[in-house]
Amino acid sequence: MRRWFIALALWFLTGAALAGSADPLVRNYRVQADFSKISQGSYETTLEVELENGSAHTLQELLFVLYPGRFRDELPGLNDLNFHRVYPHGVSRGDLVVLDVRNAKGEKLAFERTGDTELQVSFSKPLEPKQNARLILRSRVKVPEKYGSFGRYRGKTTLAGAWTPYLAALDEEGVFHPEYGPPQANWDIRGKTEQNLLIGTHLVRVQGKPKEFTQKFQGARQVSLWFSPEVFVEEHVGRFLKIETIMFEQYNPTSTRFRELIQKWLEFVERQTDLPKPVQKLVMVESPLRRKLAVRGEPYGFFSDRTFKLVRPLQKYHAIPLVHALFYQWFFPHVSRREDSQDFFWVTDALAWRWTEKFIQDRRYEHVDARNIPAVRALSFLFTIDRVIYTPQFAFYDVFYDYVYPVDLVRDDPLLFNHHRPFGRTIYAHVEDELGPSVANDVVTSYFRNDSKAFRIVAQDQGKHSLEKTFSRWMKPRPKVNYVLGEHRKKKTDEKIFHEVDVERISKKSFSEPVELLAKTDGGKTKLLRWKGEGGKHTYRFDTEESIDVLEIDPRHRLWETTLADNRDPPKYKFVVTQYVWTYDFNENEPTISLSGTFRRSYGGANRYNISGGYFGDAYGGSVGYSRLFGRIVDSLRLSHGVGFGFSVNRLDNELVLATDASTGNQAVVETGSKSFVTALSGSYFFGDQLSLTNPLRGGGASFSVTWGSKYFGGDANYFRVGTAGSWVFPLHPNHLLALRGVLRHSGGSEIPSQLQYALGGVTRMKGLSIDDDRFKGKNLLLLSAEYRHFLMIDLDVDLWLFQIRDIQGALFSNWGRVTDTIQETANQVAFGATQRTKFWDLFDPRDFQSDVGYGFRFFIDYLGVSPSLLTFDIAKSLTEWDNGLRFYFGVTQSF
């Protein structure tokens, strides 16, 4: 006990380490950890806590944070886009179970788990001010199998802090704040491990039986651990700084690029004079990160094992978060000792980002935001590129875009999991807007020159006015907000034009932030006006000498809005190719090509103007149309349902059918469709809620459509078509999906060309049948489909230069259905007077159903290492037309 009191006394006398934290509870942790079964995903710890109540309040209980308890259930914020970037094989649960809590005398103390991640421990006797206490907590931890900086993956384990209980931050009012970051403490960690262990910056190498270790840390907020059967270390030495990169494998494409980047970074920082004194060594550790390229730890950082695994021209974007992580590790000790538990994270993050910007400027990166690359802009008319720009669905997309508001729905990080305060980059952007870029830069410089003041105080000193209320507003969780450009009123005189422009904020909660309006005249002159955001509506008043050409809200992209389509007058429109499907039937040696596009506002909007065309063997043509979207937002460009209208013109080739007399066996060639033009009007209603465009895990959509073809529109035939179709995906397990589809179509009119009748076979329908078999083309169609989709190989990195294969999915499928009133029946009737004709209601007689079965491979690929897509190969066999051979297909989308 004497030893602990001496430690407490020394801690108190050298209290500068905690002076900046403003936490009145002095903490010393001694941890005994057993990692002899870490490869199996479990370990036990005994945490001995020595503390002194430095507050003026009597403490009746203590509040501990149990971060692993967050994994008792599926993580929040998951969707079809990020689920497989967290859980490779479905939800894996973890937990931290406290076995018992005792005091210094060995007496059991009452404790209660008040939430998944909070534990309340009651004292047998209240802890008075200036009194000391000692507690011992025994706990058992199950580590979930998952990607990220806390989990296990292929025999390796990453624990980025919070792997043992820690006391929540205490404020001067005697209130615990589990939503703050971990407070500073002294750590004495002892234990044994079966795998190589990186603890702090010390590597414990293990050969054979488990090895014991001991490490101590002064004033640390948390201690990261990393376990791996194999460890490979590279050293990068500068004039006054050494950097170690620790990886799973000896040969790694990352290492070469890392070596180049670190050398450039060392050359940069060694030229700087405004940086604080560096620590002697920085460490970066490879981990299986899939949502972020770099994650902050203490005292080292983590980088993804997919770093730089993309085409070389884009690799500089992967460098940006790594540079940020290096600066973060450098600055963290300087910031941690002078900031409290609420601010240390975002302050370090902000400072690291500012110096990352300086590194980018020094390296003269031409484009920090990939959306501004000329080739990307030039090809943005393609749907996949447009999606990359406006609704990115690829991993690490945040590092490619210059986002002021980083987004992390899952917040799978011990420093972020229990709060929704902004990132440091966001706060620094606010400081720039409030004080100006030059003063904001002075804040960063002054902060490192002054070794005692907190960031908020330095910002107030440099800004020369109080920012207390401003920082309080910035730190609060930001509600969903949208700004709408309203009426523009103008009054012209002999010399000037006076303008009034309304802007309205739409939000369910009270909120204020600076809102800028750009006014650009016909002559190219610009004015940038600012509204502080107070109140729900504002009118900008200004004058110009010329007429206004463009009005635009937030030209510098400083806002985070739910909708951007209503920010500009006149709205900016673009043409996007929304579908370009090419399939090839190897059996018929026949391609099918479909191309469609839409004119819409750049950021979406409710109105779409559509154009499409296609070639389907015996027919080709195009259409123009209009669609209107309604409902909730599915992504930045899509709404949940809508209506559409269109006008189509198609050229049809001759249709020759071989008719056979069933009684005599005689055959004759009959023309069932002549070369002609057909024109039609169409209308439809559609809805859908699937977020992912390559591999939805749940949800579906449906449509109902009507087409009226008439000679009144200049065509050669009168006919109609009506139908409905829908498909849904049901998760049996995140890696095992059941996809169902139903299609019902009916057409009529004695003049309906055979080329416009429905085919049961083909790559998009029943794959076991030919699309050109006239026995299975008719006026009525019923099709039911089922696919059992299952992943065969997960988390690959097969580099084929133009694209990388990430996953391979198998699909066992089967289709059932029928067509009636067929072209074959029509030909037999024309040639031989056959009377056997099927009608619409015959569709539902299961005795005459056609069926097939098949299997396909779906290769999930990333073009250029970035844009997700599919390559599909299918083989199918008809079960009812047994004489038909195997049929093979290639495509670039799921079947439905």
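Structure first, text after, so check above.
Residues numbered from 1 in each chain as written. Predicted model: local features only at pLDDT ≥ 70, side-chain atom pairs only at ≥ 80, totals over all residues. Heavy atoms only, no water.

*Asks:* Help me out: how do you make sense of the side chain of Gln-393 in this one?
*Replies:* Mapped onto the elements of the fold, Gln-393 is located in the loop between helix H7 (383–390) and helix H8 (424–435). A distance of 3.0 Å separates the side chain of Gln-393 from the backbone oxygen of Leu-691, its partner in a polar contact. Side-chain polar atoms of Gln-393 contact the backbone nitrogen of Leu-693, separated by 3.4 Å. Filtering out sequence-adjacent residues up to four positions away, Gln-393 remains in contact with Leu-81, Arg-85, Arg-387, Asp-635, Arg-638, Leu-691, Ser-692, Leu-693 and Pro-868. (Helix = DSSP H or I, 4+ residues; strand = E, 2+ residues; numbered from the N terminus. Polar contact = N/O pair within 3.5 Å; in protein donor to acceptor, adjacent residues only side chain to side chain. Contact = heavy atoms within 4.5 Å.)

*Asks:* I keep staring at the packing of aromatic side chains and nothing clicks. Help me out?
*Replies:* Under the counting rule described, the total for this entry stands at 56 aromatic pairs. With a centroid separation of 5.5 Å and an interplanar angle of 50°, the aromatic rings of Phe-83 and Tyr-87 are classed as tilted. Ring geometry for Trp-265 and Trp-330: centres 5.8 Å apart, planes at 75°, overall edge-to-face. Here the residue Trp-265 occupies a position in helix H3 (residues 253–269), and Trp-330 occupies one in helix H4 (residues 315–336), the gap between them amounting to 65 residues. Trp-265 gets classed as buried once you look at its relative accessible area, which sits at 0%. Exposure remark for Trp-330: the relative accessible area of 1% places this residue in the buried category. Across the ring face of Tyr-153, the terminal group of Arg-290 is positioned such that the distance to the ring centre comes to 5.9 Å. A cation sits over an aromatic face here: Lys-877 above Trp-882, 3.9 Å from the ring centre. (Phe/Tyr/Trp six-rings, centres within 6.5 Å; stacked < 30°, edge-to-face > 60°. Buried < 20%, exposed > 50% of the residue type's maximum accessible area, 1.4 Å probe, protein only. Lys NZ or Arg CZ within 6 Å of the ring centre and 35° of its normal.)

*Asks:* Mind showing me how you'd approach the sheet that holds strand E19 (residues 242–247) here?
*Replies:* For sheets, the rule is that strands pair by backbone hydrogen bonds, running either parallel or antiparallel. Across the sheet, which stays open at both edges, the five strands sit in the order E18-E19-E20-E22-E21 with mixed pairing between neighbours. Edge positions in the open sheet fall to strand E18 (232–237) and strand E21 (294–295), since each of these has one partner strand only. Sheet analysis places E21 next to strand E22 (residues 301–304), joined by two bridges and oriented antiparallel. Its bridge partner lying in E22, Val-295 is registered against Phe-302. Set on the sheet, H4 makes contact with E19, strand E20 (281–287), E21 and E22; between it and E20 the angle comes to about 135°. (Pairing = 2+ DSSP bridges. Axes fitted to C-alpha atoms, helices over the stretch in contact; angles between N-to-C directions.)

*Asks:* In this structure, what is going on with empty space enclosed by the protein? I would like to understand it.
*Replies:* Over the atoms, a rolled probe matching the size of one water molecule traces out where space is still vacant. Across all of its chains, the model carries nine cavities of 30 Å³ or more by this definition. Computed from the structure, the largest cavity encloses a volume of approximately 600 Å³. Lining the largest cavity are 31 residues, and of these Leu-81, Arg-85, Arg-806, Asp-807 and Asp-862 sit closest to its centre. Secondary-structure elements contributing two or more residues to the lining of the largest cavity are strand E44 (803–822), strand E45 (850–863) and strand E46 (867–878). Broken down by class, the residue content of the lining of the largest cavity amounts to 14 nonpolar, eight polar and nine charged. There is about 430 Å³ of room inside the second largest cavity. If you trace the second largest cavity, you find 20 residues lining it, with Pro-321, His-324, Trp-353, Asp-398 and Pro-406 closest to the centre. Of all the secondary-structure elements, those providing two or more residues to the lining of the second largest cavity are E21, H4 and helix H5 (344–363). Of all the elements, H4 adds the most residues to the lining of the second largest cavity, at four residues. The residue inventory of the lining of the second largest cavity, partitioned by class, reads 13 nonpolar, one polar and six charged. (1 Å grid on protein atoms, 1.4 Å probe; cavity = no way out; pocket = protein on both sides within 12 Å on 5 of 7 lines; lining within 4 Å. Points joined across faces, edges and corners; volume = space filled by probe spheres on them. Nonpolar A, V, L, I, M, F, W, Y, C, P; charged D, E, K, R; others polar.)

*Asks:* How should the packing of H4 against H5 be read in this particular structure?
*Replies:* When two helices pack together, their arrangement is given by the angle between the helix axes and by the axis-to-axis distance. It is the contact of H4 with H5, at a shortest axis distance of 8 Å, that shows an interaxial angle of 135°. Judged on the interaxial angle alone, H5 and H4 are oblique. Crossing geometry of H4 relative to H5 is assigned as right-handed. Residues Ile-320, Val-323, His-324, Phe-327, Tyr-328, Phe-331, Phe-332, Val-335 and Ser-336 of H4 pack against Phe-344, Phe-345, Val-347, Thr-348, Asp-349, Leu-351, Ala-352, Trp-353, Trp-355, Thr-356, Phe-359 and Ile-360 of H5. A class-by-class count of the residues in the contact of H4 with H5 yields 16 nonpolar, four polar and one charged. (Parallel < 35°, antiparallel > 145°, perpendicular 65-115°, else oblique. Left-handed = near helix turned anticlockwise from the far one by under 90°.)

*Asks:* Help me out: how do you make sense of the side chain of Arg-291 in this one?
*Replies:* In this structure, Arg-291 sits in the loop between E20 and E21. Overall, the relative accessible area of 18% leaves Arg-291 in the buried class. A polar contact is formed between the side chain of Arg-291 and the side chain of Asp-408, at a distance of 2.8 Å. Not counting the four nearest positions on each side in its chain, Arg-291 is found in contact with Arg-85, Val-86, Phe-396, Asp-398, Asp-408, Val-410, Arg-411 and Asp-412.

*Asks:* Whenever I open this one, the sheet that holds strand E16 (residues 211–220) confuses me. Can you help?
*Replies:* Read across the open sheet, the six strands follow the order E4-E7-E2-E1-E13-E16; overall the sheet is mixed. Taken across any chain shown, the strands that pair with only one partner, and hence form the sheet edges, are strand E4 (95–103) and E16. Across the sheet, the mean angle from the axis of one strand to that of its neighbour is 15°, orientation sign disregarded. Here eight bridges tie E4 to strand E7 (residues 132–142), and the two strands are oriented antiparallel to one another. Paired with Asn-103 across the two strands is Leu-135, which belongs to E7.

*Asks:* What's the story with the pairing of strand E14 (residues 196–199) in this structure? I'm lost.
*Replies:* A regular strand carries its side chains on alternate faces of the sheet. Covered by surrounding structure in E14 are Asn-196 and Leu-198 together with Leu-197 and Ile-199, the residues of both alternating faces. Pairing of E14 with strand E17 (residues 225–228), which is carried by four bridges, proceeds in the antiparallel orientation. Across the sheet, Leu-197 pairs through a bridge with Phe-227, a residue of E17. Sheet topology note: the E14/strand E15 (residues 202–204) ladder contains three bridges and is antiparallel. Residue pairing across strands places Leu-198 opposite Leu-203, the latter belonging to E15.

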